[in-house]
Amino acid sequence: GIQVEQSPPDLILQEGANSTLRCNFSDSVNNLQWFHQNPWGQLINLFYIPSGTKQNGRLSATTVATERYSLLYISSSQTTDSGVYFCAVEPPNTGFQKLVFGTGTRLLVSP
Amino acid sequence: DTEVTQTPKHLVMGMTNKKSLKCEQHMGHRAMYWYKQKAKKPPELMFVYSYEKLSINESVPSRFSPECPNSSLLNLHLHALQPEDSALYLCASSQDITSVETQYFGPGTRLLVL
């Protein structure tokens, strides 16, 4: 099946710093989403981005589908950005919206 | 309203108990999902319901029994679980199973099996 690898696995930032998280996937995909899982376990949708670039406040994401990667940019990080960031992809030809989650990046933003 | 709710938030059960997890959404979505997430691992799909019918079972053991009583509700019945079944159980919904829109997740139920 499709492999979804994220890097780095762990990241520690000072408040106010910027960061880039990467998601590599091993096959073409129909769909790619970024999620933030807060320390209480809630998965929060950040972006639906099968291709192109989107921005939402301090966050932006870019997916280059032809090269099988996506990037999530966090600018001016805040302590509330702490948690685990997952990308999730939908492999082709599954017939339904099956999301395969990446390995995750655990982010800690310290004050 | 883009909210998916789950109850209970926490559950402790013995291996001989029977319990149920509940998930509810009022977004008019016709696809609902159960995921299992072990500590420090990504969520893994368990079941998919489409228009209240079970569409996908990802080879989940029969001690987990899903049920979709109506388009807004999804249950997961638990019986004779093992300690290794301890995990965060997440429910999600989307417009339908072929939708290219995002899935919305509930806050999860943390299950501990003793």
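Our structure's up above, just so we're on the same page.
For the structure given in this document, a descriptive report is provided here. (Residues numbered from 1 in each chain as written. Chains lettered and ligands numbered in written order. Predicted model: local features only at pLDDT ≥ 70, side-chain atom pairs only at ≥ 80, totals over all residues. Heavy atoms only, no water.)

The subject of this paragraph is the pairing of strand β1 (residues 4–7) of chain B. Residues and elements named next belong to chain B. Alternating positions in β1 separate cleanly, Val4 and Gln6 being buried on one face and Thr5 and Thr7 remaining unburied on the opposite face. Strand direction decides the pairing type here: β1 and strand β3 (residues 18–25), joined by four bridges, are antiparallel. When the bridges of β3 are listed, Gln6 appears paired with Cys23. (Buried < 20%, exposed > 50% of the residue type's maximum accessible area, 1.4 Å probe, protein only. Helix = DSSP H or I, 4+ residues; strand = E, 2+ residues; numbered from the N terminus. Pairing = 2+ DSSP bridges.)

Residues and elements named next belong to chain B. Taken as a whole and assessed by the stated rule, the structure comprises one cavity of 30 Å³ or more. Within this model, the largest cavity holds a volume of roughly 40 Å³. Forming the boundary of the largest cavity are Gln25, His29, Arg30, Ala31, Met32, Tyr49, Tyr51, Glu52, Cys68 and Ser71. Per-class residue counts for the lining of the largest cavity are five nonpolar, three polar and two charged. (1 Å grid on protein atoms, 1.4 Å probe; cavity = no way out; pocket = protein on both sides within 12 Å on 5 of 7 lines; lining within 4 Å. Points joined across faces, edges and corners; volume = space filled by probe spheres on them. Nonpolar A, V, L, I, M, F, W, Y, C, P; charged D, E, K, R; others polar.)

Turning to the sheet that holds β1 of chain B, a few remarks are in order. All names here are of chain B. Ordered in space as β1-β3-β8-β7, the four strands form an open sheet in which the pairing is antiparallel. What marks the edges here is a single partner per strand, and that holds for β1 and β7 (64–70). Averaged over all adjacent pairs, the angle separating strand axes in this sheet is 20 degrees, with direction ignored. Two elements, β3 and strand β8 (residues 73–79), share seven bridges in a ladder whose sense is antiparallel. Bridged to Leu21 within β8 is Leu76. (Axes fitted to C-alpha atoms, helices over the stretch in contact; angles between N-to-C directions.)

Let us look at the interface of chain B and chain A. In this complex, chain B contributes 26 residues to the contact, which on the side of chain A involves 20 residues. Of the roughly 1,800 Å² buried between chain B and chain A, counting both surfaces, carbon and sulfur atoms make up 50%. At the surface where chain B touches chain A, the tally comes to one salt bridge. Put simply, Glu58 of chain B and Lys98 of chain A hold a salt bridge, and the shortest N to O gap is 2.7 Å. (Contact = heavy atoms within 4.5 Å. Buried area = accessible area lost by both parts, 1.4 Å probe. Salt bridge = Lys/Arg side-chain N within 4 Å of Asp/Glu carboxyl O.)

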